[in-house]
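Listed below are the residues making up each chain.
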Amino acid sequence: MSCKIYLFVSGLVFFAIGANTFSDPIQALAALDLGINTINAKNELYANYGGMHIAFGLLFIYGSIENKFRTPSLFFLFAITAGLAFGRIVGLLIDGTPSTLNNFLLGLEIVTAALAVTFLYKNKQQAVI
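Everything numeric here is computed off the predicted structure, so don't read it as measured data.

Q: Give me the lowdown on helix 4 (residues 70-95), citing residues and values where you can.
A: Here helix 4 spans 37 Å end to end across 26 residues, near enough to the 38 Å set by a 1.5 Å rise per residue. A positive phi of about 100 degrees marks Gly96, the residue just after helix 4.

Okay, structure coming up:
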């Protein structure tokens, strides 16, 4: 898989999560059983799952197109997915085993972070050559 395709697909996924959250935040995240029941909680969904995911998605898509944004896009993708995975691991250690969906997301985030690091390393090697 090429770095461009990886960033583009990652961007589409992040963008889709954000757009889906804007259309119906409660339904979009129902599988996570977050128990959203206040305006403030819903506002956090709009901000973190809506706006932030759309912005990151656009960054990753742009990084797949524009060479000078490729490395920063990969770095952000690594930081985001590694941070999400770290948070899930902390939750697992403190609270115990979450749902199958949460465990799947943990695995996906670890793989996504590992791929981002791999592409960062490959891009650095190509820049040296």
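Q: Please set out the nonpolar core residue by residue, giving values where relevant.
A: In terms of nonpolar packing, the biggest core is built from 12 residues, these being Cys3, Tyr6, Leu7, Phe14, Phe56, Phe60, Leu74, Leu77, Ile80, Ala116, Phe119 and Leu120. Of all the secondary-structure elements, those providing two or more residues to this core are helix 1 (3-23), helix 3 (39-65), helix 4 and helix 5 (100-128). For this core, the leading source of residues is helix 1, giving 4 residues.

Q: Tell me about the side chain of Thr112, residues and numbers included.
A: With respect to the secondary-structure elements, Thr112 resides in helix 5. When sequence neighbours within four positions are dropped, the list of residues in contact with Thr112 reads Tyr6, Leu77 and Thr81.

Q: Explain the pattern of salt bridges to me, and be specific about the residues and the numbers.
A: Under the counting rule described, the total for this entry stands at 1 salt bridge. Residue Glu109 is joined to Arg88 by a salt bridge in which the shortest nitrogen-to-oxygen separation is 2.7 Å. Of the two residues, Glu109 is situated in helix 5 and Arg88 in helix 4; the sequence distance between them amounts to 21 residues. Overall, Glu109 belongs to the buried group, its relative accessible area being 8%. For Arg88, a relative accessible area of 22% puts it in the partly exposed group.

Q: Could you give an account of the confidence of the model for the chain, with specific residues and numbers?
A: Mean pLDDT for the chain: 92, with 98% of residues reaching 70 or above. Ranking the helices and strands of the chain by mean pLDDT puts helix 4 first, with 97, and helix 2 (residues 25-28) last, with 84.

Q: Tell me what's going on with the packing of aromatic side chains, and back it up with residues and numbers.
A: Per the counting criterion, the structure on display carries 6 aromatic pairs. Taking 5.2 Å as the distance between ring centres and 85 degrees as the angle between the ring planes, the aromatic pair formed by Phe14 and Phe60 counts as edge-to-face. Here the residue Phe14 occupies a position in helix 1, and Phe60 occupies one in helix 3, the gap between them amounting to 46 residues. Take Phe60: its relative accessible area is 0%, and that puts it in the buried class. Here the aromatic cluster, defined as three or more aromatic residues joined through ring pairs, consists of Phe14, Phe56 and Phe60.

Q: Kindly report on the packing of helix 1 against helix 3, identifying the contributing residues and their values.
A: Running from N to C, helix 1 and helix 3 point in directions that differ by 155 degrees, and their axes come no closer than 7 Å. Regarding the angle of helix 1 to helix 3, the classification is roughly antiparallel. Viewed along their axes, helix 1 and helix 3 form a crossing whose handedness is left-handed. A per-class count over the contact of helix 1 with helix 3 returns 16 nonpolar, 10 polar and 1 charged.

What counts, and at which threshold
Residues numbered from 1 in each chain as written. Predicted model: local features only at pLDDT ≥ 70, side-chain atom pairs only at ≥ 80, totals over all residues. Heavy atoms only, no water. Helix = DSSP H or I, 4+ residues; strand = E, 2+ residues; numbered from the N terminus. Expected span 1.5 Å × (residues − 1). Core = buried A, V, L, I, M, F, W, Y, C linked by side-chain atoms within 4.5 Å. Buried < 20%, exposed > 50% of the residue type's maximum accessible area, 1.4 Å probe, protein only. Contact = heavy atoms within 4.5 Å. Salt bridge = Lys/Arg side-chain N within 4 Å of Asp/Glu carboxyl O. pLDDT = per-residue confidence, 0-100. Phe/Tyr/Trp six-rings, centres within 6.5 Å; stacked < 30°, edge-to-face > 60°. Axes fitted to C-alpha atoms, helices over the stretch in contact; angles between N-to-C directions. Parallel < 35°, antiparallel > 145°, perpendicular 65-115°, else oblique. Left-handed = near helix turned anticlockwise from the far one by under 90°. Nonpolar A, V, L, I, M, F, W, Y, C, P; charged D, E, K, R; others polar.

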